[in-house]
Structure formats: C-alpha cells, structure tokens
Amino acid sequence: MENFPVINLEKMNGEERVATMEKIKDACENWGFFELVNHGISHELLDTVERKTKEHYKKCMEQRFKEVVANRALEGVQTEINDMDWESTFHVRHLPESNISQIPDLDDEYRKTIKEFAEKLEKLAEELLDLLCENLGLEKGYLKKAFYGSRGPTFGTKVSNYPPCPKPDLIKGLRAHTDAGGIILLLQDDKVSGLQLLKDGQWIGVPPMRHSIVINLGDQIEVITNGKYKSVEHRVIAQSNGTRMSIASFYNPGSDAVIYPAPALLEEEKQVYPKFVFEDYMKLYAGLKFQPKEPRFEAMKAVETTTVI
C-alpha cells in the first residue's frame, strides 16, 4: 500500500514549504484525503474534546443506542443490512448561527469545549482552503468567497460513536458515501480504527493517529475545481471490539451560495460540472447520500438547463 499522506503543517513556515505544498497537491489530486499533524490546535484542547465526548456518550447516548438496536431485533439477521448504520450521533450547528444552547444533555464544560474547538477548526478550514487556492493557481480567498453566499459559510459538527457490533460482517458503521459539502475536518479515535477510503478500486484504512486531524474534500470542491480534485467514497467498518469516537466538522457553502467551476480553471479545459445553488444540491443529496455522486451532478445539470441562476 502507498503511504497514506500525512502533512506536517509546521513545515509551511520553513524551507520545506514547497515540498509540503506539493504533498498537499498530490493528496488532493490522488487521495481526496490527508492527515494533518502540527496543525496549531493544542493537544490539551483535543484531549478535552475526546474526554468530554466519551463521557457524554457513556452517560447520555449508550443506553439509548442499545434500545434502538434492541428494537431492530438484529439477533436473527443473516443477510447484510443496507438501511441503517451502526452509529450513535448528534449534530451541532456553528454557522451561520449556533444551535449549541438548544442541544440537550450537554454540560457547560462540554458546550464550551465544542465551541472553542469549532472556532479553531473554522480558522484551520479557511487556512487550508487558501492553500488549495495557491496550489490551484486561484487568487487567495477564492474558495472562501465561493462558499460565502449572503450569510457566510455553513459550518457544523457531527459527533459520532461506533459501539462494538455483534455482526460487523452484516452491517456498516457508516455506509459508503462521498461528502456533499466543502472541506471536512475529522478528529478520530486514535485506538479504534474503522474509517476506510476507496482508492483505485480498493478500500484503504485511514490510520488512527493521536492528535491528528484528518481532512477530506467534499463534492463542492470537485465542482469548483472542475474535477481536478475529487471527493472520495469512504465508509466506516463496524468493529466487534471497542467504541470508536469520530468528530467530523463540515465547512460547507452557505445555503444560497451559487456553486460552479472556477472560470480561471476553464481556460484550457471545457466545463464538465454544472452551476447550481448549494441548498438545491443538499435537497437532492438527502435522499441519495449512499448512492454514486455522478447522477447527482447530472441531475443538477438538468436543473441548470431549465433555471437561470
């Protein structure tokens, strides 16, 4: 197996900047994923996020998950289950406005920790978008502006736990999909693995690494780069031992942002991807998340021909 790309962001400030930018470019073009170390978010904060998330799952989510599973009567199942995921989740919205105060069962320290973590991730996402712009030859800030809409980007976090599964061969932790949005920043469990991406027709594990942030690109980056960078299919394999923690934060376009290939990238190639309003894409994605992305792009092309955006 080729080495999974690990990017040391500290090297952006020294003589290894050019080589590091090249590694990011290669990761975006050939993997759709990379792992960041020395990203500027303190280990202390990451440890607190992990501790509070695991405490919250034990106290508030674990029993609820067991009840849901009991209702599905999985004991006698012999064939693969394709209509549910072996995960326990809750979602927090940060931008355009936060809903964290409305989420039940979070203690004050956990709320404060999530908020602080989200602020750091938002800055990191914008920093990464500018590095992508630089590699693509786009002006600094282009991607952030493309995502902006009338109220700024949409930014939210999905907090997941994947409990031990009695039938990991028959059910996925999370079924295979590409992410609909922009750039995704993941803090994953450093002990229990399970995340895999599809590369050259093979499923490859994303290695758990303490204090790293895993980055992957969503469908909107594929559209804006006219396919130069692609969103990549990934899944979570259920495990029979250990609960895997996953905290994925999605830096996405604003709901009314108009998404289309960057004109600067079309000078030497023809436009392959459609122009659409992000919210319209999300409505389509909601029903087709676990299906291939290409028909979604085709459906948006059909909408584009009948609508003036």
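Parameters and conventions
Per chain, residue numbering runs from 1 following the sequence as it is written. Under the rules for a predicted model, residues below a pLDDT of 70 receive no local features and side-chain atom pairs below 80 are neither given nor counted, while totals for whole chains, interfaces and linings still include all residues. Only hydrogens and water are set aside when side-chain values are computed; all heavy atoms of the structure are taken into account. Any Lys or Arg side-chain nitrogen located within 4 Å of an Asp or Glu carboxyl oxygen qualifies as a salt bridge. Secondary structure elements are taken from DSSP: a helix is a run of H or I of four residues or more, a strand is a run of E of two residues or more, and numbering for both begins at the N terminus. Each residue is assigned to one of three classes by its accessible area relative to the maximum for its type, calculated with a 1.4 Å probe on protein chains only: buried under 20%, partly exposed between the two thresholds, exposed over 50%. UniProt positions are given in the numbering used here, feature names are shortened, and annotations may be inferred rather than shown by experiment. Whether two residues are in contact is decided by their heavy atoms: any pair within 4.5 Å suffices. Here, a strand pair is defined by DSSP locating no fewer than two bridges between the strands. Each axis is a line fitted through C-alpha atoms, and for a helix only the stretch in contact is used; angles between axes span 0 to 180 degrees, taken between their N-to-C directions.

**Re the pattern of salt bridges**
Alright, step 1. Under the criterion given, the structure shown has 27 salt bridges.
Alright, step 2. In this structure, the salt-bridge partner of Glu-109 is Arg-51, at a minimum N-O distance of 3.1 Å. Within this pair, whereas Glu-109 is found in helix α3 (residues 108-136), its partner Arg-51 is found in helix α2 (residues 43-72), the two being separated by 58 residues in sequence.
Alright, step 3. Overall, the relative accessible area of 37% leaves Glu-109 in the partly exposed class.

**Here we look at the UniProt feature "domain: Fe2OG dioxygenase" (unreviewed entry) in the protein chain**
Alright, step 1. UniProt records the feature "domain: Fe2OG dioxygenase" (unreviewed entry) at residues 153-253, using the numbering of this structure.
Alright, step 2. The span residues 153-253 shows a helical share of 6% and a strand share of 48%, and its end C-alpha atoms are spaced 5 Å apart.

**Topic: the side chain of Asp-219**
Alright, step 1. Relative to the helices and strands, Asp-219 resides in helix α5 (residues 219-224).
Alright, step 2. Contact partners of Asp-219, with chain neighbours within four places excluded, come to Thr-178, Asp-179, Ala-180, Gly-181, Ser-231, Tyr-281, Tyr-285, Lys-293, Arg-296 and Phe-297.

**Brief notes about the sheet that holds strand β4 (residues 154-162)**
Alright, step 1. Read across the sheet, seven strands follow the order β1-β2-β9-β6-β11-β4-β3 without closing on themselves; strand pairing throughout is mixed. Both edges of this open sheet fall to β1 (6-8) and β3 (88-95), since each of them pairs with a single strand only. Neighbour-to-neighbour, the strand axes of this sheet turn through a mean angle of 25 degrees, independent of strand direction.
Alright, step 2. Strand direction decides the pairing type here: β1 and strand β2 (residues 33-37), joined by three bridges, are parallel. When the sheet's bridge partners are listed, Val-6 is paired in β2 with Glu-35.

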